[in-house]
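# Examination of the molecular architecture
Listed below, chain by chain, are the residues.
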Amino acid sequence: MSFTRSRRARALAAGTLSAALLSTGTAGALAADAKPSPTPTTTASPTMTATHKPVPMPTSTAASISLTARPTSAKAGQTVVFRGRTKGLKVGSPLLLQHLKNGKWTALGATGKVKTGSSFAISTKFTTKGTETVRVASLTRAGKVGKVISNTVTVTVS
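Reference entry: report on the structure contained in this document. All values derive from a computational prediction rather than experimental measurement.

### A closer look at the packing of aromatic side chains
- Here the structure, examined in full by the defined rule, presents one aromatic pair.
- Considering the side-chain rings of Phe82 and Phe126, the 6.3 Å spacing of their centres and the 85° angle between planes classify their relative orientation as edge-to-face. Of this pair, Phe82 sits in strand E3 (residues 79-87) while Phe126 sits in the loop between strand E6 (119-125) and strand E7 (130-139), and the two are 44 residues apart along the sequence.
- Using a relative accessible area of 4% as the deciding quantity, one classes Phe126 as buried.

Right, dumping it as structure tokens:
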């Protein structure tokens, strides 16, 4: 029977303490100023319209091509190797090396394919001295430049 009394005593003490804490908080709230110091303005609350719909996150990563060149400074006639990695392109997908000429991207005549492991390597020789801005583009089945384009790389030819 003493076990039950002990339990009752603890429950009574916990209830008394809870009531005391609640009444202290209520008394403090009643004693506070009735008017808050920054007066809230009465503006219309924003409403959701049909045009405010959440945009879903894409489930897959877009295809991409990364590109590096070795060497970045070459003599005319020296071979330059362009290497990189792809994402989202199938093994065997054709790639085209392009350079910027008179403000337009034109083919250099060098091509490659995506290898197992999503890597590629394309080599070419530059015969004209100057600065060459180069990129790699994916090719469609029809042999046209696709939508996936690499970053540009600059090679100085002397």
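Alright, that's what it looks like, and here's the rest.
### A closer look at the sheet that holds E6
- Read across the sheet, three strands follow the order E1-E3-E6 without closing on themselves; strand pairing throughout is antiparallel. At either end of the open sheet lies a strand with only one pairing partner, and these are strand E1 (64-70) and E6. Strand-to-strand twist across the sheet, computed as the mean angle between neighbouring axes with direction ignored, equals 25°.

### Brief notes about the side chain of Gln98
- Summarising the element assignment, Gln98 is placed in strand E4 (residues 94-101).
- By relative accessible area, which is 4% here, Gln98 ends up buried.
- A polar contact of 2.7 Å, which involves the side chain of Gln98, links it to the side chain of Arg135.
- Sequence-distant contacts of Gln98, that is, excluding residues within four places in its chain, are made with Trp105, Thr106, Ala107, Leu108, Thr133, Val134, Arg135, Ala137 and Val145.

Calculation notes
- Residues numbered from 1 in each chain as written.
- Predicted model: local features only at pLDDT ≥ 70, side-chain atom pairs only at ≥ 80, totals over all residues.
- Heavy atoms only, no water.
- Phe/Tyr/Trp six-rings, centres within 6.5 Å; stacked < 30°, edge-to-face > 60°.
- Helix = DSSP H or I, 4+ residues; strand = E, 2+ residues; numbered from the N terminus.
- Buried < 20%, exposed > 50% of the residue type's maximum accessible area, 1.4 Å probe, protein only.
- Pairing = 2+ DSSP bridges.
- Axes fitted to C-alpha atoms, helices over the stretch in contact; angles between N-to-C directions.
- Polar contact = N/O pair within 3.5 Å; in protein donor to acceptor, adjacent residues only side chain to side chain.
- Contact = heavy atoms within 4.5 Å.

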